[in-house]
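Spelled out, the chains give:
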Amino acid sequence: MTAAQAHPLSVRFEPRMCDQHVVDLTLDCSFACIYCPFADRNARAHGVDRPTAVDCSRLEELTPPAAVFLSPASDAFAPQAAGQTHALLEAWLPRGTKIGILTKGMIPRRTLDLLAEFRDQIEGIAIGVTSLDERRNRSLEPGSPPATERLRNVDRAAARGLIAGVRLDPLFPEVDDAPEAMDAIVAECAQRGGRGIIATYVFAWGRYLKRLRREPVVAPSIAHLTEVAPMAGGVAYSVPLARKLETYSFLAERAHAHGLTFGTCGCKDLRLAELETTFYLRCRWPAYLPAEDTAGFPAP
Ligand code: SF4
């Protein structure tokens, strides 16, 4: 029995990710972002020590969920996952499943064509680009394509009538949150036909916090994680709430100036929900959020 056969595809409900069903097409992730606790933890839980495709051979036997997010602890368009992701989409889109995607990879054209056939079921395609500084990206996200390549996904999705945008996550204080750097990404998104921006500051705890403190590129940044923030499912070290508010308000203002939406993940700091903000507190695409979550914000 191969490792892939030993780990069949599974669908699980994840209340800490905006109450969604989620699927991972690989265990571990070859993009190897140094800040990522999720891929590593999921891999260790399944006893694997390298990116390993899960077994999708019984895909047809699974009952597809009404909606699913790809992916919580891997990247659906990492090289080991892209073929399986296409197979999953081919099986589930015709059965009515709505799809949300976050990727730092390249979405193959044939997969974009497939998504476009079912565009009313695609909640949004978020392309992960926190910085246009390729030196920073090579250090922090060593296995993923350059940011300029990733951004091409936005053009290609927009050209097919799909809702796409850019997600700055995680934002490292001092490294990523200079106004002109964030503004440049917002402008890139708008020029490429994107519809919205999502951003969330880095948070860390335990062994992941210790690991980041040892990384020369981000160690000075991690010194700014001085506050313990309440999150869905626990607490983690994070930048002070005032800095979040300032940065997210700036991003909202710049996004709105370009006709884009802006949101941050409210699950990553529950205190935000008690404040009046000019942005969404959800990281699912605003166009598909319940009306009560989108009232008062510009339509995408
Ligand atoms: S692409 Fe996503 S899942 Fe993969 S290592 Fe980076 S943060 Fe983790």
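This structure is a prediction, so every number in the text was calculated from the model and none was measured.

**Considerations on the layout of surface pockets**
Roughly 210 Å³ of internal volume is contained in the second largest pocket. Mapped by element, the contributors of at least two residues to the lining of the second largest pocket are α5 (134–140) and α7 (179–191). With three residues, α5 is the single largest residue contributor to the lining of the second largest pocket. A class-by-class count of the residues in the lining of the second largest pocket yields five nonpolar, two polar and four charged.

**Some points on the sheet that holds strand β12 (residues 261–263)**
With mixed pairing, the eight strands of this open sheet are ordered in space as β1-β2-β5-β6-β7-β8-β9-β12. Edge positions in the open sheet fall to β1 (11–14) and β12, since each of these has one partner strand only. Across this sheet, the average inter-strand angle for adjacent strands is 25 degrees, counted without regard to direction. Two elements, strand β2 (residues 20–23) and strand β5 (residues 67–70), share three bridges in a ladder whose sense is parallel. The residue bridging H21 from the neighbouring strand is V68, located in β5. Contacting β7 (122–128) and β8 (164–171), helix α6 (residues 147–159) crosses the sheet at an angle of about 155 degrees to β7. Packing against the sheet, helix α10 (residues 241–257) makes contact with β8, β9 (196–201) and β12, and its axis sits at approximately 170 degrees to β9.

**With respect to empty space enclosed by the protein**
On inspection of all chains with the given rule, the structure shows one cavity of 30 Å³ or more. Of the voids in this model, the largest cavity is the one considered here, and its volume is about 60 Å³. Breaking the lining of the largest cavity down by element, the ones donating at least two residues are β9 and α10. By residue class, the composition of the lining of the largest cavity is six nonpolar, three polar and three charged.

Analysis parameters
Residues numbered from 1 in each chain as written. Predicted model: local features only at pLDDT ≥ 70, side-chain atom pairs only at ≥ 80, totals over all residues. Heavy atoms only, no water. 1 Å grid on protein atoms, 1.4 Å probe; cavity = no way out; pocket = protein on both sides within 12 Å on 5 of 7 lines; lining within 4 Å. Points joined across faces, edges and corners; volume = space filled by probe spheres on them. Helix = DSSP H or I, 4+ residues; strand = E, 2+ residues; numbered from the N terminus. Nonpolar A, V, L, I, M, F, W, Y, C, P; charged D, E, K, R; others polar. Pairing = 2+ DSSP bridges. Axes fitted to C-alpha atoms, helices over the stretch in contact; angles between N-to-C directions. Contact = heavy atoms within 4.5 Å.

Limitation: the analysis is restricted to geometry and does not speak to function.
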